[in-house]
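If you want the building blocks of each chain, they are given just below.
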Amino acid sequence: MKLNKEKKIIIVLVIVIILLLVGMSYAWLYVIKYGEKDMNIVVGDIELVLNETNEGIQLVNTIPTYDDEGKAGEPYTFTLKNNSAIPLYYTLGVVDDEEAISACETDSGGSCELLDSRDVRYELKMGDRTFTGTLSDSYIMSYGIIDADEEVDCELRIWLNINANNEAIGKVFLGKLKVFASQQVADADFDQGTDNVNAPVMDDNMIAVKHDGYNWVKTDTANNWYNYDMGIWANAVTVKSDKLAEYQSAAVGTTINMDDIETMWVWIPRYSYTIASENGGASYYGKKGIYLDTTPSASRPGEIDIKFIDTNTKDTGNAKYLATETPKNYRTPDAFTYDGEELPGIWVGKFETSSSNPLASFGGSNDTTLDPMIKPNVTSWRNIYVSNIHTVATKVSAAGNRYGFSESMNSHAMKNSEWGVVAYLSQSRYGKLGNENFAGADKEIYQNKSDSYITGCSYGIPSNGNTDYGCQYTYDNNVRDETGLTGKGVGASTTGTIYGVYDMSGGAWEYVIGNYNDTIGSSGFSSMPESKYYDKYTSSTVSTACNGGECLSHGLSETAGWYSDYQNMIDAEFPWFGRGGDYANINAGVFYFNSYNGSAGSGRSFRLVMSPNM
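Remember, it's a predicted structure, so these values are computed and weren't measured experimentally. (Residues numbered from 1 in each chain as written. Predicted model: local features only at pLDDT ≥ 70, side-chain atom pairs only at ≥ 80, totals over all residues. Heavy atoms only, no water.)

**Details of the sheet that holds strand 15 (residues 261-269)**
Then comes step 1: The antiparallel open sheet is built from seven strands, whose spatial order is 13-12-14-15-21-30-24. With one partner strand each, in any of the chains shown, strand 13 (216-218) and strand 24 (411-413) form the two edges of the open sheet. Within the sheet, the average angular offset between the axes of one strand and its neighbour, ignoring direction, is 40°.
Then comes step 2: Pairing between strand 24 and strand 30 (residues 608-610): three bridges, direction antiparallel. Bridged to S411 within strand 30 is M610.
Then comes step 3: Of the strands in this sheet, strand 24 and strand 30 touch helix 4 (residues 386-394), which is tilted by about 160° from strand 24.
Then comes step 4: Here helix 5 (residues 416-426) sits on the sheet in contact with strand 15, strand 21 (345-349), strand 24 and strand 30, set at roughly 70° to strand 15. (Pairing = 2+ DSSP bridges. Helix = DSSP H or I, 4+ residues; strand = E, 2+ residues; numbered from the N terminus. Axes fitted to C-alpha atoms, helices over the stretch in contact; angles between N-to-C directions. Contact = heavy atoms within 4.5 Å.)

Shown next, in the form of structure tokens:
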């Protein structure tokens, strides 16, 4: 195979990783020097020094390899050194090397066939930290703080996923490691990312999982379960009661059969946020930062600043600041307070809710004897009154529930404020906005355009009103398609990875429990539920909806119209919120909100949340 190794000046410092799988397999790493990247901040110089001992890394096996064997292979060693006079926040990630892909030829003169990113596993050791995963998890391998003049010793091992098949032989992966650094760590309010994330509150019936590129597998909660800097939000599942003991005793790495899974959850850790103005306060569309290539606007908003906090912190700022100043005025979202208790985080249903009988009319309709399920590739539960949504959602953690949850998990239907905290986190460096696999318009969460209301589907690009309905890509699709793009399925999640929350744009639009001034409407309630179960809005004007003031953190006035999503406030006639839009709505999106009367509808679904007490 032939590769063009001409060195060129471009905008980031990278290491190129090339996996060639023909006969004997090698991976060559070499340095390409680059010029400075214009980040609108002064970061000093970052230098990667590669201590090469041979021309490349020889893989021990040319066949799929178990992780234990892959980790025992000979490492490629290098150092990461900060030559600047200040500490820096860095990310070390993998991107496709388009130039190398174009130049790659087989010995017979044909074009190289590219490996699926799911087939490439890695272990990266940096000082006393170890990162392990699959390249389809996230194209960021490592993150953190590197002090002024600090030098970190690194070891990288790469091997073929044990689940890869013989079709991998003869194919190549052509990528490059990219280092980015920011001086934001000099800010006293700067969050150091995953190190500050509150650990997920796990009930005894919950199994922590990661995705190995092909399946959900049991993972070690003490080692690389989640990494919010890398878009890997913590995921957990519950399984059928007759399978629980089997999986609880199983070894780490055991595949969790999807047929055995009943619910899937994503942890949203407690945080505070603030939103920047790039035009002196005339509008607040977020910070341009390093993830946006245009000035923030309503149609293409910028970064929401996030800092993870513990339960002893509750910021009360107005969540606004000028981008020319240090981020300030942080606010802790209302969703992290439940029934007077400050929460370390909340569990959110990974997909729209389905039922224990997905073949029932509308996936369940108003049959409250059915039990909620949360799974991909099934029909969502629709045509259900708001009162019945409340009934089936609260029984998930009620005494004697089928899942094994304790009552302290406090299951309920998602409130409007809880939708907001997922949306805001997605629009941060820890969500899809910060995922460097997506650029420009693709930062927006892709729409689910399944007219059959199949959970987890993706259109593959922002739909912008396209009427090509159906399930074009499933939730786990992160492989290269005929256009050369990746992330077609996972782009519909809040992270742009498989670890995010799905169906928040399109599919069925979702009732969230946000109500206008205790107006029952056509919801089916005889009286309003306990106040902890819903958000109350006292005005039909979005800017004064919370007792005459702005409802901060609820995904309303602060983010109204972002990505051109539709906005319409609840009122006395239509007192219940719907979020996300449906598959056919041209203005569907994570910031979409509309008003409805609370009655059942063929395209109306819902989502589950748990607010665990510590």
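Additional details are given in the paragraphs that follow.
**Regarding the state of the cysteines**
Then comes step 1: Tallied over the full model, the rule gives two disulfides.
Then comes step 2: What pairs with C457 in a disulfide is C471, and their sulfur atoms sit 2.0 Å apart. Between C457 and C471, the S-S torsion sits near -95°, and that sign places the bridge as left-handed. One end of the pair, C457, is in the loop between helix 5 and strand 25 (509-516); the other, C471, is in the loop between helix 5 and strand 25, with 14 residues separating them in the sequence.
Then comes step 3: For C471, a relative accessible area of 36% puts it in the partly exposed group.
Then comes step 4: Between the sulfur of C546 and that of C551 lies a disulfide, 2.0 Å long from S to S. Note on the C546 and C551 pair: the S-S dihedral is about 115°, so by sign convention the disulfide is right-handed. (Disulfide = S-S within 2.5 Å. Buried < 20%, exposed > 50% of the residue type's maximum accessible area, 1.4 Å probe, protein only.)

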